[in-house]
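Listed below are the residues making up each chain.
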Amino acid sequence: MQYTTTGVDPTTQISLYKRMLRPRMIEEKMLVLLRQGKISKWFSGIGQEAIAVGVTSALKADEYILPMHRNLGVFTTRNVPLPRLFAQWQGKASGFTKGRDRSFHFGTQEYKIIGMISHLGPQLGVADGIALADILKGNKRVTAVFTGEGGTSEGDFHEALNIASVWDLPVLFCIENNGYGLSTPTNEQYRCDNLSDKGVGYGIESYTIDGNNILEVFTKVASLCESIRTNPRPVLLEFKTFRMRGHEEASGTKYVPSELLSKWQEKDPIENYRQFLMETEIIDEELQSELQQDIEQEISASLKIAFGENEIEDVSEEIGDVFKSSVYQHFKVNTEIKNIRLVDAISEGLRQSMERHDDLVLMGQDIADYGGVFKVTEGFVGAFGKDRVRNTPICESGIIATAMGLSINRMKAVVEMQFADFVSSGFNPIVNYLAKSHYRWNEPADVVIRMPCGGGVGAGPFHSQTNEAWFTKTPGLKVVYPAFPYDAKGLLTTAINDPNPVLFFEHKGLYRSTYQDVPSGYYTLPFGKASFLREGDAITIVSYGLGIHWALETLDKQPQVQADLIDLRTLMPLDMESIYTSVKKTGKLIILQEDSLFGGIASDVSALVMENCFEYLDAPVRRVASLETPIPFAKNLEDNYLPIHRFQKELLSLLAY
Ligand SMILES: Cc1ncc(C[n+]2csc(CCOP(=O)(O)OP(=O)(O)O)c2C)c(N)n1
């Protein structure tokens, strides 16, 4: 192996050696503990240390790094205390996740390390968001993110590179090409010669680097970082290396030809570098054994602390940690009232939030000069500029991950889905990243996702869904679904103030058909408080969104029906107390929902009422909802699908029960 020391002084040469030796020795110890059954799983990075150590050494301490499952060297080079790391792997309380997640699945703001989620790809977009926040705040920083060559086949990789390219984001995309993705060799993963070639397609500068040569990694990355800090841009790096052990220890390496393993054994990054340092007399046997002894001692002392810690017994914070606790701030201003449409109220709430929060960034397809397909952000570019009102490429997953990155780097984001239906292309980062971060490692996702949704508009199966139930199912997400302009404005401002992820549903059928008197100043409304729109003793009607308007229409036609009509307004948190109070008074409950019946909110409201108010009920709870089909296009078919025409009959029959 050829080593060039130009620009690397002897102290740095030794420090790079020590930095590689530490993760190697920790790993060797972990492999012993694994065999003894003292830890549960291990993903080995043996043979790949030069990449994590070289890249981390080239970055400054305040620059974020997003490592993968084999990058122990990132954590050790950033001097994360070993007792905490060991406690993390043992699921102990003094780790980084209170025992809630394993291995390297955590981040720490203290060390500016943002760990992966198992799905590999999403962190590439998160790096984009972190880098975007740095650009917007005028920080001259680089963000480094890792992926394996297997992970480059995920859409997230392509989306993240493309976003970074069109937005000139200072991200160092580091591919560790270690020959195998689990058992899949590179020729079954991709067909270009080098993965760095992919940079060309995105207009990104890229390089192939010998990932086993610490000096090459360090000097190349250090000089690139210098240049990126002053001239922000993404750079794609492919580090050639090899995975010397199994994907994880249990799976072995039977499928790897032995000659490949021996060929790469000879290229071991630590052995070769040690020899080089000995030959050039930078280190000698004495120093080498001193280093080794120091690390050994550090490992055993740290292990003693971690093993000495009790297993987690306290489960009292499990529910409380799903969301970041935040105190609702009530703003009520006495200003002029204007009669406006739902779409205007949302636009106004968004505009006033932009004025209030300098750190709020809007992202979405065609939201800038064009104003969004529903014109919610019309005129925003003029008021706030293109840095904060950002047109995105068509890549929901990458942009939602980018929003997470903005939040990690202490900015706020609102992402507009062009239609709520398209959120399926960004489903993974929402339900796995945004929803779980606070519970896993105490990091909230300060992100609102606006969801223009709903049927009755003749737009067929992919532009009419009301897909709130995809999200109410997932702990860690708040779900808001206003039916009126006043609620929409006040709940949107609250959603933006809330540091947790919020799915904000906007029924597009109501955008331009629903008017209401709305205060023109900034105000907020609390989550988790349903509103009583009508009051009566005979029956309780629960609904939200367009369903509320159907219920009102029905009650107007049937003035003899004495009903409590409850508008849920937010689905998570859900105001069950108001429902219980009403049901205890009326003894009958009918729930109307626009979505198909099975697995929707109506089912859970029904179950909860049966469990908690059984002795007050005079009839079985009734649910009325759309058919169990996709939502159709033709008017007659859509009318048949939606529940409005069935509601009156069901209501009257329940009253007569
Ligand atoms: C979306 C997703 N699909 C599949 C997996 C299962 N899986 C975990 S790691 C891995 C291989 C990853 O290969 P690569 O990106 O090359 O990284 P390496 O493990 O080689 O370092 C697979 C298939 C996963 N975690 N996430």
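Residues numbered from 1 in each chain as written. Predicted model: local features only at pLDDT ≥ 70, side-chain atom pairs only at ≥ 80, totals over all residues. Heavy atoms only, no water.

Here we come to the site of the ligand. Around the ligand lies a shell of 14 residues, among which His69, Arg70, Ser118, Gly150 and Tyr180 are the nearest. Measuring from an oxygen atom of the ligand, one finds a side-chain N or O atom of His69 at 2.8 Å. Gly150 is positioned such that a nitrogen or oxygen atom in its backbone is 2.8 Å from an oxygen atom of the ligand. Protein contacts shield 70% of the accessible area of the ligand, which totals 580 Å² for the unbound molecule. (Near = heavy atom within 4 Å. Polar contact = N/O pair within 3.5 Å; in protein donor to acceptor, adjacent residues only side chain to side chain. Areas by Shrake-Rupley, 256 points an atom, 1.4 Å probe, with all protein chains shown as cover.)

A word on helix α10 (residues 269–279). All of the buried residues in α10 are Pro269, Ile270, Asn272, Tyr273, Arg274, Phe276 and Leu277. The inward-facing, buried residues of α10 abut α1 (10–35), α2 (49–58), α8 (214–230) and α11 (285–308). Positive phi shows up at Glu281, right after α10, with a value of about 60 degrees. (Buried < 20%, exposed > 50% of the residue type's maximum accessible area, 1.4 Å probe, protein only. Helix = DSSP H or I, 4+ residues; strand = E, 2+ residues; numbered from the N terminus. Contact = heavy atoms within 4.5 Å.)

Its location among the elements puts Gln13 in helix α1. Excluding residues that lie within four positions of it along the chain, Gln13 makes contacts with Thr5, Val8, Tyr273, Phe276, Leu277 and Ile282.

Next up on the list: the packing of α1 against α10. Direction vectors running N to C along α1 and α10 enclose 150 degrees, while the axes themselves pass 10 Å from each other. At the point where α1 passes α10, the crossing takes the left-handed sense. Every residue of α10 that contacts α1 at Gln13, Leu16, Tyr17, Met20, Leu21 and Arg24 is listed here: Pro269, Ile270, Tyr273, Arg274, Phe276 and Leu277. Partitioning the contact of α1 with α10 into residue classes produces nine nonpolar, one polar and two charged. (Axes fitted to C-alpha atoms, helices over the stretch in contact; angles between N-to-C directions. Left-handed = near helix turned anticlockwise from the far one by under 90°. Nonpolar A, V, L, I, M, F, W, Y, C, P; charged D, E, K, R; others polar.)

The next subject is empty space enclosed by the protein. The final tally for this structure, using the stated rule, is four cavities of 30 Å³ or more. Along the walls of the largest cavity sit Pro23, Arg24, Glu27, Gly45, Gln48, Glu49, Ala52, Arg70, Leu72 and Gly73, which together make up its complete lining. Breaking the lining of the largest cavity down by element, the ones donating at least two residues are α1, α2 and α3 (72–77). Take the lining of the largest cavity: its biggest share by element is three residues, from α1. Classifying every residue of the lining of the largest cavity by side-chain character gives three nonpolar, three polar and four charged. When its volume is computed, the second largest cavity comes out at roughly 40 Å³. Secondary structure elements with two or more residues in the lining of the second largest cavity: α14 (396–408) and β13 (412–416). (1 Å grid on protein atoms, 1.4 Å probe; cavity = no way out; pocket = protein on both sides within 12 Å on 5 of 7 lines; lining within 4 Å. Points joined across faces, edges and corners; volume = space filled by probe spheres on them.)

With respect to the helices, strands and loops of the structure, Asp487 is situated in helix α18 (residues 485–497). Residue Asp487 is classed as buried on the basis of its relative accessible area, which comes to 5%. Sequence-distant contacts of Asp487, that is, excluding residues within four places in its chain, are made with Pro482, Leu492, Gln516, Leu525, Asp567 and Arg569.

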